[in-house]
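# Remarks on the overall topology
Chain residues, written in single-letter form:
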Amino acid sequence: VQLQASGGGLVQAGASLRLSCEGSGPLFRRRIMGWFRQAPGKERGFVAGIDWRDGSTKYADSVKGRFTVSRDNAKTTVYLEMNNLEPEDTAVYFCAATSAGHVGPYFATSDYVYWGQGTLVTVSS
């Protein structure tokens, strides 16, 4: 499985960005796709995730109501729509995939086996 994240950039507070994660590989549609972020000096943390099998989603409390994760079945691409961005959202954002048929929680980095390269999001005040 290969993942390619894109869409990061420099924006002002209150702006929006959409990140994309294009995936390829076997059993892609049986996996859970997650977005994580890592700010300087901090651990990588869960942002949002989507179960490709049924489209269900989960979000970190800090982004609920502002971020939306979605998938495009035709393109095997996952998106993270980020609205009303805050300086605290500044981080490198990573997309990741679980093993095929994953069950249970998917909030920890250890739940994921494939990672894309990060894309930097910088929000200025």
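Right above here is the structure, for reference.
For the structure given in this document, a descriptive report is provided here. Since the model is a prediction, treat every value here as computed from it, not as a measurement. (Residues numbered from 1 in each chain as written. Predicted model: local features only at pLDDT ≥ 70, side-chain atom pairs only at ≥ 80, totals over all residues. Heavy atoms only, no water.)

## Quick word on the pairing of strand β11 (residues 119-124)
Selection criterion: The classification of residues rests on relative accessible area computed with a 1.4 Å probe and restricted to protein chains. Under 20% of the type maximum is buried, over 50% is exposed, and intermediate values are partly exposed. Only DSSP runs of H or I reaching four residues or more are called helices, and only runs of E reaching two or more are called strands; each is numbered from the N terminus. One requirement defines pairing of two strands: DSSP has to find at least two bridges between them.
Residue alternation in β11 divides its side chains into a buried set, Thr119, Val121 and Val123, and an unburied set, Leu120, Thr122 and Ser124. Relative to β11, strand β9 (residues 91-97) runs antiparallel, the two being bridged by three bridges. Following the sheet pairing, Tyr93 is matched in β11 by Thr119.

## Details of the packing of aromatic side chains
To be explicit about the condition: For Phe, Tyr and Trp, where Trp contributes only its six-membered ring, two rings pair if their centres lie within 6.5 Å, and the inter-plane angle classes them as stacked under 30 degrees, edge-to-face over 60, or tilted in between.
By the definition in use, this model includes seven aromatic pairs. Seen from their ring centres, Phe36 and Tyr112 are 5.0 Å apart, and the 85 degrees between their planes marks the pair as edge-to-face. One end of the pair, Phe36, is in strand β4 (residues 32-38); the other, Tyr112, is in the loop between β9 and β10 (114-115), and 76 residues separate them in sequence. Summarising the aromatic geometry, the rings of Tyr112 and Trp115 are spaced 6.0 Å apart at their centres and angled 55 degrees between planes, so their arrangement reads as tilted. The class of Tyr112 is buried, set by a relative accessible area of 4%. Taking the relative accessible area as the measure of exposure, Trp115 reaches 29% and is therefore partly exposed. A connected cluster of aromatic rings, assembled from ring pairs, spans Phe36, Phe46, Tyr106, Phe107, Tyr112 and Trp115.

## Here we look at the sheet that holds strand β1 (residues 2-6)
Rule in force here: To define axes, lines are fitted to C-alpha atoms, for helices over the stretch in contact only, and angles between the resulting N-to-C directions are given on a 0 to 180 degree scale.
Ordered in space as β1-β3-β8-β7, the four strands form an open sheet in which the pairing is antiparallel. Edge positions in the sheet fall to β1 and β7 (67-72), since each has one partner strand and no second. Shown here is a sheet whose adjacent strand axes are inclined to one another by a mean of 15 degrees, direction ignored. For β7 and strand β8 (residues 77-82), the ladder comprises six bridges, and the chain directions are antiparallel. By the bridge assignment, Arg71 is partnered in β8 with Val78.

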